[in-house]
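Observations on chain architecture
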Amino acid sequence: MFQPASLKGESPVPIDEKIRNKYLIIYLIIIILSFIPCSLFEYIYVLYLWNEGFHLLFFLFLPFNFLILIYILQISAILFSVLFLTIINLLFPPKEGIFSRDVRDKNYLFWNLRNLSKKWPLFISASNPFPWLKNRFTLRFFGVRIGKKTICDTCWISSEFVNIGNNVIIGMGSTLLSFGIEQDKFILKRIQVEDNVLIGAKCVLLPGTIIKKDSKLSAHSYTKFDDILKDNSIYSGHPAKIKEV
Amino acid sequence: MNNTENSHFKIEYISTSGVYKTPFTLIILLQLFVGGIVLVFINLWFVNQLYFLLTGKQFFSLGLTAEWYYWLLLPLNLYGNIFLFAFSIILFSAGINKILNKVYPPREGVFERGSKEWKYTHRRFWNAYFPIWLARALPIPWSDIFAYRFFGVSIGKNVVAYEGYIDPEFIEIGDFTMTSLNICIFSHLIYHEQIIIKKVKIGKACVVGPQTIVSPGTVMQDGAVLGANSYTWVGQELESDLIHVGTPVSMTFPIQSLEESQEKAERVISDPLENREGDDRI
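Description of the structure in this document. (Residues numbered from 1 in each chain as written. Chains lettered and ligands numbered in written order. Predicted model: local features only at pLDDT ≥ 70, side-chain atom pairs only at ≥ 80, totals over all residues.)

**Thoughts on the overall build of chain A**
If you tally the helices and strands in chain A, you get six helices and 16 strands. In terms of principal-axis extent, the alpha carbons of chain A reach across some 75 × 45 × 30 Å. Here chain A holds 245 residues, and the buried ones make up 38% of them. Partitioning the contacts of chain A with sequence separation of at least 6, the portion at a separation of at least 24 is 47%. (Helix = DSSP H or I, 4+ residues; strand = E, 2+ residues; numbered from the N terminus. Buried ≥ 20, exposed ≤ 12 C-beta atoms within 10 Å, placed from the backbone. Contact = placed C-beta atoms within 7 Å.)

Here it is as structure tokens:
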């Protein structure tokens, strides 16, 4: 809520520069394809509502036109990127583990390609004014499990290998990273956040973190790699340690 | 150090100010529609003139004649529309906010989840969401301060407050205060199954450092500085003309002049161990 444009909580999908330059065409194709349904819709709108002599309906429905356009752009961008994503996943299915950070490593290459195909829908989902079209809506298409009644629209959530339970609150400016780069190593590990967990503002969860049911992570703290936080307890600090009450 | 111990709320952790999606969220559609209609009908005469220039016909015969130089006004029109759209929505939702406040006036305190306060804070927050989003999307960065003032946040003159999360009610910011990048100023906090609502007061000429969290009930006296990467407890008082650091705030430093701090830095670099023993602050 009430974040400035620089902190809109776009899901982090970094792309290696070598791969970005080589496969830029995928990104451009997704953008162009997602605008085709929009232009079709505009064509139909003008065709049916622009009558010579009676223009009131055309102008009256212009705000609705704008509103529907946002929906169409969002949904078509997601559909086309999911199409590319399934093709990429058929070529090489995503795996968890520790790999080398090298373009010759297939895990690293295909992680970058997945990111490249997800970039555009995530960008517009973070930029549109409707909070119900943000993280929760878009990330579910990419295989992130997010439960019901969960608040997670003002934080950065990685777009794969994340499980979030029901009734979870994730604070403003928190970051959930399921990938990590350590010198020449590249790490991909699943983050699990179980039901009724509360994560404060500006927390950082590193790959492999498991937060058990009903536990609470205080604001401004971070977890270690492969950290397991016990259920029904309060954690805080750098890195997060259990707090005895 | 004494001031922090006295003002400790009996609270174990600082969480966040979260807002659930409720059916009232759909007010964004109403706001968008109202802004769009205002925009369309104010622009109608201008588009009419341009249409006349292009085709020689008018949608509505207004009795005006268009000239070629109307095309020169097109950039001004496009740029003005952005502001017209945003400010008509801000005014409209400020009206809704006043109605909501009359129906159920906002109160400070600790409330249960699902109570009436909880419900109405959600409504006020969702009502303020879209206008502030728009104000922050405008090309002038200080327009969101203008928007915040409409929702009952009192912000003084010459304030920098446009690069962080700020709740839209129960906040007071004095003149000449600077808030830095990526800060959170919360007047609402989720705590177990309750919600804490308390007024945040930030005095004149304060500095709120980057990546900090200001919890509800915090009082920053005039000239206080909150250091980078720190957060305050609920109801903590920060004394004036001191630098406050820590997670949560537990240390204070005097504000030095630039020359003094430079001198000190040079001393530390030349003889780090000796200086550390003599310095009681570290």
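Following the structure, the description resumes.
**A closer look at unusual backbone geometry**
Backbone torsion omega between His-238 of chain A and Pro-239 of chain A reads -10°, so that peptide bond is classified as cis. In this model, Thr-247 of chain B is joined to Pro-248 of chain B through a cis peptide bond whose omega is -5°. Considering the arrangement of structural elements, one finds Pro-248 of chain B in the loop between β15 (242-245) and β16 (251-254). Phi is positive for Lys-202 of chain A, which is not a glycine, with a value near 60°. Its location among the elements puts Lys-202 of chain A in the loop between β10 (198-199) and β11 (204-205). Overall, the presence of 26 C-beta atoms within 10 Å leaves Lys-202 of chain A in the buried class. Positive phi, close to 55°, is recorded for Asn-182 of chain B, a residue that is not glycine. Positionally, Asn-182 of chain B belongs in the loop between β5 (178-179) and β6 (183-185).

**Looking at the nonpolar core**
Ranked by size, the top nonpolar core spans 94 residues in total, and within it Ile-157 and Leu-176 of chain A together with Tyr-129, Cys-184, Ile-185 and Ile-213 of chain B carry the most contacts. When residues of this core are assigned to their parent elements, the largest contribution, nine residues, is made by helix α4 (residues 116-137) of chain B. Those residues in contact with Ile-213 of chain B, other than ones at most four positions away along the chain, are Ala-201, Lys-202, Ala-219 and His-220 of chain A together with Ile-14, Cys-184, Phe-186 and Tyr-231 of chain B. Residues Ile-30, Ala-77, Phe-80 and Trp-120 of chain A belong to the second largest nonpolar core, which totals five residues. (Core = buried A, V, L, I, M, F, W, Y, C linked by C-beta atoms within 7 Å.)

**Remarks on the sheet that holds strand β8 (residues 194-197) of chain B**
Whether parallel or antiparallel, the strands of a sheet pair through hydrogen bonds between backbone atoms. Residue and element names in this part refer to chain B. In space, the three strands of this open sheet follow the order β1-β8-β7, with antiparallel pairing throughout. Since the sheet does not close on itself, it has two edges, and those belong to β1 (109-112) and β7 (188-191), each with one partner. Shown here is a sheet whose adjacent strand axes are inclined to one another by a mean of 25°, direction ignored. In the sheet, β1 pairs with β8 via four bridges, with the strands oriented antiparallel. Directly across from Glu-112, in β8, lies its bridge partner Gln-194. (Pairing = 2+ DSSP bridges. Axes fitted to C-alpha atoms, helices over the stretch in contact; angles between N-to-C directions.)

**Digging into the pairing of β16 of chain B**
In the case of a regular strand, side chains alternate between the two sheet surfaces. Residues and elements named next belong to chain B. Inspection of the sheet shows β15 paired to β16 by four bridges, in the antiparallel sense. Considered in β16, the bridge of Leu-242 is made with Pro-254. Counting the residues in the hairpin turn of β15 and β16 gives five residues, including Gly-246, whose phi is positive at 130°.

**Examining the interface of chain A and chain B**
Across the contact, 35 residues belong to chain A and 40 residues belong to chain B. Among the secondary structure elements, those contributing two or more residues to the side of chain A that touches chain B are α4 (62-91) and β15 (234-236) of chain A. Of the residues forming the side of chain A that touches chain B, the biggest block, four residues, is contributed by α4 of chain A. Looking at the side of chain A that touches chain B, its residues break down into 22 nonpolar, nine polar and four charged. (Nonpolar A, V, L, I, M, F, W, Y, C, P; charged D, E, K, R; others polar.)

**Notes on helix α5 (residues 143-150) of chain B**
Residues and elements named next belong to chain B. Three or more residues of α5 are buried, namely Ser-143, Asp-144, Ala-147, Tyr-148 and Phe-150. Buried residues of α5 fall within an arc of 155° about the axis and therefore sit on the same side. Of the surrounding elements, those touching the buried residues of α5 are α3 (74-103), α4, β2 (154-155) and β3 (164-166). Of the residues one or two after α5, Gly-152 is the one with positive phi, at around 90°. (Arc of directions from axis to C-beta.)

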